[in-house]
Amino acid sequence: MSKVRKIRSIFSGKPTYEGAGVKLKRLFGYNEIPIFDPFLLLDDFGSTNPEEYIAGFPWHPHRGIETVTYMIHGIVSHSDSLGNKGDIEGGQVQWMTAGSGIIHQEMPQKQDDFLRGLQLWVNLPSKYKMISPRYQDIKDSDIFPVKEKNGVQVKVIAGLYKGTRGPVKEIICDPQYLDVWIPPQKVFNLSQEKENTVFIYVINGEGYFDITQKEFLEGQLGLFGKGEEVQVTSGKHGVRFILISGKPIGEPITWRGPIVMNSEEELDQAFEEYRNGSFIK
Ligand code: FE
């Protein structure tokens, strides 16, 4: 096995409507099970046109997953069945463990310029699917950038990077979630657990994501094959991307809308509970 990971597949995302009519780009989701295990879904939402996001994601349930919402620019207001209420602003992160069940709404606020956010779904292993729901908002001032000598800057959102642990600490799968900036024509190397699922998603700029030197542009996602190290070379404008890595769970995945369990019976039970009002524990 080569030391440096090669790109296994490239995803450019599919236009998808979610919530009450939010137009977003789904980089991966249901159709890609299980190649992103332990990750289930990544959406890039937002627009320069408020009509494409203002309808938002009104009250809906989740069970069996954790979500990480990272706002690049603009504000999403949220409230949930635990009584939480707040705004996620540009540079901030909201992490939520749905566990046994949460009902929430996520409402993007009108922006004069543009709104952009990323939502990642992380699966829960079977023995954690019914844990108590919890959530946390992380301020951008809690995400310290690690600055390298060659100008590379790494914001650690979750997991460990060279001794710095990100503020999102309680995700059961303990993923690594980095927001990386590489100035023009520099190289960035990062060691990885051999068997982890690792992918990169370009927020802006362009770069080369393995030794084959295939160029990646804004909005493209590269899923790596197995290996010990990730190597990224930036193009002439530099590149900003998120890198996400996690250990596969390797369990059956049954998924219906906002609920992800291990069997059809568990899904039926969740929807029956939602109908009869016993969903929230
Ligand atoms: Fe949601």
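Going by the structure above, here's the rest.
A short tour of the structure in this document, coming up. (Residues numbered from 1 in each chain as written. Predicted model: local features only at pLDDT ≥ 70, side-chain atom pairs only at ≥ 80, totals over all residues. Heavy atoms only, no water.)

## Section: the overall build of the chain
Along the backbone of the chain there are one helix and 24 strands. Its C-alpha atoms give the chain a radius of gyration of 18 Å, within 12% of the compact-globule value 19 Å for 281 residues. Dimensions of the chain along its principal axes, counting C-alpha atoms only, are 55 × 45 × 35 Å. Within the chain, the proportion of its 281 residues that are buried is 55%. In the chain, of all internal contacts separated by at least 6 residues, the share reaching a separation of at least 24 is 73%. Separation between the mean location of the 32 positive side-chain charges and that of the 36 negative ones in the chain comes to 5 Å. (Helix = DSSP H or I, 4+ residues; strand = E, 2+ residues; numbered from the N terminus. Rg over C-alpha atoms; globule rule 2.2 N^0.38 Å. Buried < 20%, exposed > 50% of the residue type's maximum accessible area, 1.4 Å probe, protein only. Contact = heavy atoms within 4.5 Å. Lys, Arg positive; Asp, Glu negative; His and termini not counted. Charge placed at Lys NZ, Arg CZ, Asp CG, Glu CD.)

## So, the coordination of the iron ion
For the iron ion, the full set of protein donor atoms is His-60 (NE2), His-62 (NE2), His-104 (NE2) and Glu-106 (OE), at a range of 2.1 to 2.4 Å. Every donor residue of the iron ion comes from the same chain, spaced as H-x1-H-x41-H-x1-E. Here Glu-106 lies in strand β10 (residues 102-108) and His-62 lies in strand β5 (residues 57-62), a separation of 44 residues in the sequence. Owing to a relative accessible area of 2%, His-62 belongs among the buried residues under this scheme. (Donors = N, O, S within 2.8 Å, 3.2 Å for Na, K, Ca; no water.)

## Digging into empty space enclosed by the protein
Per the stated rule, a full pass over the model turns up one cavity of 30 Å³ or more. Put simply, the largest cavity is a space of about 40 Å³. Lining the largest cavity we find Phe-28, Gly-29, Glu-32, Ile-33, Pro-34, Ile-35, Phe-36, Asp-37, Phe-39, Leu-40 and Ile-253. (1 Å grid on protein atoms, 1.4 Å probe; cavity = no way out; pocket = protein on both sides within 12 Å on 5 of 7 lines; lining within 4 Å. Points joined across faces, edges and corners; volume = space filled by probe spheres on them.)

## Quick look at unusual backbone geometry
Omega for the peptide link from Ile-33 to Pro-34 comes to 0°, which places this bond in the cis form. For Pro-34, the location among the structural elements is in the loop between β3 (22-28) and β4 (39-45). Cis geometry is found at the peptide bond from Asp-37 to Pro-38, where omega equals 15°. Its identity as a non-glycine residue notwithstanding, Lys-162 has a phi of 45°, on the positive side. Within the secondary structure layout, Lys-162 lies in the loop between β15 (160-161) and β16 (164-165).

## Brief notes about the side chain of Lys-129
Counting through the fold element by element, Lys-129 comes out in the loop between β11 (116-123) and β12 (134-138). Polar contacts involving the side chain of Lys-129 include one to the main-chain carbonyl oxygen of Leu-124, which spans 3.2 Å. Lys-129 has contacts with Gly-64, Gly-99, Ser-100, Asn-123, Leu-124, Val-260, Met-261 and Asn-262, leaving out every residue within four places of it along the chain. (Polar contact = N/O pair within 3.5 Å; in protein donor to acceptor, adjacent residues only side chain to side chain.)

## Here we look at the pattern of salt bridges
Any two side chains of opposite charge can pair, so long as their charged atoms come close to each other. Per the stated rule, a full pass over the model turns up 18 salt bridges. Here Arg-63 makes a salt bridge to Glu-273, at a shortest N to O gap of 2.7 Å. Of the two residues, Arg-63 sits in the loop between β5 and β6 (65-73) while Glu-273 sits in helix α1 (residues 264-276), which places them 210 residues apart along the sequence. In this structure, Lys-162 and Glu-148 form a salt bridge, with 3.0 Å as the shortest nitrogen-oxygen distance. Here Lys-162, found in the loop between β15 and β16, pairs with Glu-148, found in the loop between β13 (145-147) and β14 (153-158); they are 14 residues apart in sequence, far enough to count as distant. Judged by relative accessible area, Glu-148 falls into the partly exposed class, the value being 22%. (Salt bridge = Lys/Arg side-chain N within 4 Å of Asp/Glu carboxyl O.)

## A look at the nonpolar core
Ranked by size, the top nonpolar core spans 29 residues in total, and within it Phe-28, Leu-42, Leu-120, Tyr-177, Phe-199 and Leu-221 carry the most contacts. Once you skip the residues sitting within four places of it in the chain, Leu-42 turns out to touch Lys-25, Arg-26, Leu-27, Phe-28, Leu-118, Gln-119, Leu-120, Phe-199, Tyr-201 and Leu-221. In this structure, Val-154, Tyr-161, Leu-190 and Ile-200 belong to the second largest nonpolar core, which totals 22 residues. (Core = buried A, V, L, I, M, F, W, Y, C linked by side-chain atoms within 4.5 Å.)

## Thoughts on the environment of Gly-235
By the secondary structure assignment, Gly-235 is in strand β22 (residues 229-246). When the C-alpha atoms of Gly-235 and Ile-182 are compared, they prove to be 9.0 Å apart, with 53 residues separating the residues in sequence. Discounting residues that sit within four places of it in the chain, Gly-235 has contacts with Pro-184, Gln-185, Glu-206, Gly-207 and Tyr-208.

## Things to note about a negative patch on the surface
Side chains of Asp-87, Glu-89, Asp-137, Asp-140 and Asp-142 sit close together on the surface and give a patch of like negative charge. Looking at the secondary structure, you find Asp-142 in the loop between β12 and β13. (Patch = residues over 30% accessible without salt bridge, like charges linked within 9 Å, V, L, I, M, F, W, Y side chains within 5 Å. Areas by Shrake-Rupley, 256 points an atom, 1.4 Å probe, with all protein chains shown as cover.)

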